Amino acid sequence: MVRENRQRPPFRAEHMGSLLRPQKLSEKRVELDGKDALTITQDKELRALEDEAIDDIVKLQLDLKYHPVTDGEYRRHQFWGTFFPGLEGFEEIPDPPLDMFRLYVPDLAAFTEAGHKPGESIICTGKIKHKGSTYIDQWNYLTSKLPPNMISSAKLTLPAPEWYHLRYQPGRAYPLDIYPNDAAYFADIAAAYRAELHTLYLAGCRNVTIDDPNLAYFCSEKMLAGFRDAGEDSEALLDSYIKLYNDCISARPADFHVGIHLCRGNFAYSRHFSEGGYDAVAKKLFNDIDADTYFLEYDTERAGGFEPLVHLPKNKNVIVGVITSKFPELEDVQKMKKRVFEAADWVAKGSGQTREEALKRMGISPQCGFASHHLGNSVTREDMVNKLKLVRELADQIWPGEP
């Protein structure tokens, strides 16, 4: 089924979801480091700090006239939250052996080359089953702080379904006596996602974005070389991930907007992990995944040019992340406007539209969040507010009067 193009969401001025945390909240998170993700969510002092911070950040977004309001991801230690550890059949392992990882995956390579162990490692240890949403309380608290007419545009972010697969060596993501192959494992992952989306939909959620650096890693020649050296077929793996995505999201109702956000890493203190343009994945990414909107990193040359946007079909949208969340310097509005028009010309060329028609399927945003990790990027709150104001100003100049 080919879905019709849909708007509102997405909006002309967007942000990715994570926002810089207040110092007190970050300090409490640091104090709880070492505990597993689900245990941390039960800390009462942390919960009170989160509530206070969310109340404030929701008001800020409303004051800045943003429609896809989020809770700043303030209840999460990192952007992916607790979906996987909240599933039956997954466990966090504190000291995983290095030989279980694909060490050529960009974030793993960065950690291990610097002498650090890989970040939070969750692995499948048994039959996977969705046993209740770990995000529903986050959603309900957020919407309790919004006017009723803003709830349908509020945004919740989800982790990528292949998040705890790409990082592991073949056959190490799950026990082979439970799942004989990737297809069987992916089938239960997809069932869990469908259950999650159904739960969120019943609670009034109509707007989710899946954060997926993994898909952008397939633009990294360094990672692709690692696959070749290991004798693995990266193209076949990407195809399997596209099928997994569709098994997760294709059954959603027509009024449930799903976006996919690609970036090349946004770790603490503005660190990135990979580079490479979208050329290698654009045709499959835009045409074969049943998503409504693509949120794309475009703040540096690291992401390549706009030419791959020629593959975006008429029924889909793109949000170009031309403003950086990593550093405080403010971009020039007129230069950014020219960049957005350049992107629109490539969208128009591929779909046989005019620039004006293409712009109707576009919006702008920072390239990623301001705090994908709870420690945040190398910016201050004032810097973040100025960046959000800049996105709003740029959107108002290109699409005056539109949200």
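The structure displayed is predicted, hence computed values, not measured ones. (Residues numbered from 1 in each chain as written. Predicted model: local features only at pLDDT ≥ 70, side-chain atom pairs only at ≥ 80, totals over all residues. Heavy atoms only, no water.)

Asker: Tell me about the overall build of the protein chain, and name the residues and values.
Answerer: Within the protein chain one finds 14 helices and eight strands. Taking 403 residues into account, the globule formula puts the C-alpha radius of gyration at 22 Å, and the protein chain, at 20 Å, falls close to it. By its C-alpha atoms, the protein chain is 55 × 50 × 40 Å across when sized along the principal axes. Taken over 403 residues, the protein chain has a buried fraction of 60%. For the protein chain, the share of sequence-separated contacts (at least 6 apart) that also reach a separation of at least 24 residues comes to 81%. Counting every atom, the protein chain has about 15,800 Å² of accessible surface; 53% of that belongs to carbon and sulfur. For the protein chain, the distance from the average site of its 50 positive side-chain charges to the average site of its 61 negative ones is 4 Å. (Helix = DSSP H or I, 4+ residues; strand = E, 2+ residues; numbered from the N terminus. Rg over C-alpha atoms; globule rule 2.2 N^0.38 Å. Buried < 20%, exposed > 50% of the residue type's maximum accessible area, 1.4 Å probe, protein only. Contact = heavy atoms within 4.5 Å. Areas by Shrake-Rupley, 256 points an atom, 1.4 Å probe, with all protein chains shown as cover. Lys, Arg positive; Asp, Glu negative; His and termini not counted. Charge placed at Lys NZ, Arg CZ, Asp CG, Glu CD.)

Asker: Mind laying out helix α1 (residues 23-32), listing which residues take part and the relevant values?
Answerer: Considered for burial, the residues of α1 that qualify are L25, S26, K28, R29 and L32. On an axial view of α1, the arc spanned by its buried residues comes to 160°, and they lie on one face. Summarising the geometry of α1, the exposed residues directed more than 90 degrees from the buried face are Q23, K24 and E31. Of the surrounding secondary structure, the elements contacted by the buried residues of α1 are α2 (37-40) and α3 (44-63). Following α1 by one or two positions, G34 has its phi on the positive side, about 105°. (Arc of directions from axis to C-beta.)

Asker: Any details on the packing of helix α12 (residues 333-351) against helix α14 (residues 381-398)? Residues and values, ideally.
Answerer: Across the interface, α12 lies against α14 with an axial gap of 10 Å and an inter-helix angle of 60°. Relative to α14, α12 is oriented oblique. Our pair here, α12 against α14, has a crossing hand that is right-handed. Contact residues: α12 offers V333, Q334, M336, K337, V340 and F341, while α14 offers L390, E393, L394, Q397 and I398. Classifying every residue of the contact of α12 with α14 by side-chain character gives seven nonpolar, two polar and two charged. (Axes fitted to C-alpha atoms, helices over the stretch in contact; angles between N-to-C directions. Parallel < 35°, antiparallel > 145°, perpendicular 65-115°, else oblique. Left-handed = near helix turned anticlockwise from the far one by under 90°. Nonpolar A, V, L, I, M, F, W, Y, C, P; charged D, E, K, R; others polar.)

Asker: How would you sum up the sheet that holds strand β7 (residues 317-323)? Please name residues and give values.
Answerer: Spatially, six strands are ordered β3-β4-β5-β6-β7-β8 in an open sheet, and the strand pairing comes out parallel. Every interior strand has two partners, whereas the edge strands, β3 (156-159) and β8 (362-366), have only one. With direction set aside, neighbouring strand axes in the sheet form an average angle of 25°. As paired strands, strand β6 (residues 293-297) and β7 are joined by five bridges and run parallel to one another. (Pairing = 2+ DSSP bridges.)

Asker: Break down the side chain of R102 for me, with residues and values.
Answerer: Along the chain, R102 turns up in the loop between β1 (88-92) and α4 (106-113). Taking the relative accessible area as the measure of exposure, R102 reaches 3% and is therefore buried. Of the polar contacts made by the side chain of R102, one reaches the side chain of E232; its length is 2.7 Å. Once residues within four sequence positions are removed from consideration, R102 is found in contact with L108, H165, L166, R167, Y168, Q169, P170, F227, E232, L237 and Y241. (Polar contact = N/O pair within 3.5 Å; in protein donor to acceptor, adjacent residues only side chain to side chain.)

Asker: Summarise the environment of F111; cite the residues concerned and give the values.
Answerer: Structurally, the position occupied by F111 is in helix α4. Separated by 206 residues in sequence, F111 and N317 place their C-alpha atoms 34 Å apart.

Asker: Account for the packing of α3 against α14, with residues named and values stated.
Answerer: α14 packs onto α3 with a crossing angle of 35° between their chain directions and a minimal axis gap of 11 Å. As α3 runs across α14, the sense of the crossing is right-handed. Residues D56, I57 and L60 of α3 pack against R381, M384 and V385 of α14. Per-class residue counts for the contact of α3 with α14 are four nonpolar, no polar and two charged.

Asker: Lay out the packing of aromatic side chains in plain terms, naming residues and giving numbers.
Answerer: Given two aromatic rings, their pairing is described by the distance between the two centres and the angle made by the two planes. One pass over the structure, following the stated rule, counts 18 aromatic pairs. With centroids separated by 6.2 Å and ring planes inclined at 85°, the aromatic side chains of Y174 and Y179 adopt a geometry described as edge-to-face. On the basis of relative accessible area, Y174 is assigned to the buried category, the value being 6%. We classify Y179 as buried; its relative accessible area is 1%. Ring geometry for F286 versus Y294: centroids 5.0 Å apart, planes at 65°, classification edge-to-face. Following the ring pairs from residue to residue traces out a cluster consisting of Y104, Y174, Y179, Y185, F186, F218, F227 and Y241. (Phe/Tyr/Trp six-rings, centres within 6.5 Å; stacked < 30°, edge-to-face > 60°.)

Bear in mind that shape data such as this cannot, by itself, settle questions of function.
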